[in-house]
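Residues per chain are reported as follows:
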Amino acid sequence: MRLTAYTDYALRTLMYVAQHRERLVTIQDIADAQGIAKNHLTKVVNHLAQLGYLETVRGRNGGLRLAREPEQINVGQVVRATETDFHMAACFQPSDKSCAFLPHCALKHTLTQAAQAFLAVLDAATLAQMLTRAPARTSAVRLKPRAKPEPA
């Protein structure tokens, strides 16, 4: 599973603003610090403000600040609000009938479970945890290490 650059920018924006709560942050501050194009970041910031994660202050001394406490910002909710879809394969599209294994394919079900597990981990995380590097606690399935191949 891979997040879009848009979602990556949204998460990094929230983290940057949360790290600088003592002052208003400008889009240019974030762009410079994160190496993100200002025009891309402007779209992300406007969306985050519409979603109620950021508050914007206009004017000469304006900028951005969090509209909620970092503990109240759920990473899973941010990802769901900024990603366009979670379709991991073509067969997730209702209009796609090209899979030769339909209707008895278990891959779609397995990929759906994987996406749900991915989101469950994100749902257990808050912005505050991302700032302190505290791992999110989750009951998600733990992956087993891959077995090393037998020497030939």
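Residues numbered from 1 in each chain as written. Predicted model: local features only at pLDDT ≥ 70, side-chain atom pairs only at ≥ 80, totals over all residues. Heavy atoms only, no water.

Draft legend 1. A look at the nonpolar core. Residues Leu-14, Leu-41, Leu-54 and Leu-66 are the most contacted members of the largest nonpolar core, which totals 29 residues. If you list the elements that add at least two residues to this core, you get helix H1 (5–19), helix H2 (27–34), helix H3 (38–50), strand S2 (63–66), helix H4 (75–82) and helix H5 (107–123). Element by element, the count of residues in this core is highest for H1, at seven residues. Sequence-distant contacts of Leu-54, defined by excluding residues within four places in its chain, comprise Thr-13, Leu-14, Val-17, Val-45, Leu-48, Ala-49, Leu-64, Arg-65, Leu-66 and Ala-67. (Core = buried A, V, L, I, M, F, W, Y, C linked by side-chain atoms within 4.5 Å. Buried < 20%, exposed > 50% of the residue type's maximum accessible area, 1.4 Å probe, protein only. Helix = DSSP H or I, 4+ residues; strand = E, 2+ residues; numbered from the N terminus. Contact = heavy atoms within 4.5 Å.)

Draft legend 2. View of the packing of H1 against H2. Where H1 contacts H2, the two axes come as close as 10 Å, and the packing angle between them is 110 degrees. Compared by their axis directions, H1 and H2 come out roughly perpendicular. Contacts between H1 and H2 involve Arg-12, Thr-13, Tyr-16 and Val-17 on the former and, on the latter, Asp-29, Ile-30, Ala-33 and Gln-34. For the contact of H1 with H2, a count of residues per class yields four nonpolar, two polar and two charged. (Axes fitted to C-alpha atoms, helices over the stretch in contact; angles between N-to-C directions. Parallel < 35°, antiparallel > 145°, perpendicular 65-115°, else oblique. Nonpolar A, V, L, I, M, F, W, Y, C, P; charged D, E, K, R; others polar.)

Draft legend 3. The arrangement of the pairing of strand S1 (residues 54–57) in detail. Note that S1 and S2 share four bridges and pair antiparallel. Paired with Glu-55 across the strands is Arg-65, a residue of S2. The antiparallel pairing of S1 with S2 creates a hairpin that spans five residues between the two strands, and Gly-59 there sits at a positive phi of about 110 degrees. (Pairing = 2+ DSSP bridges.)

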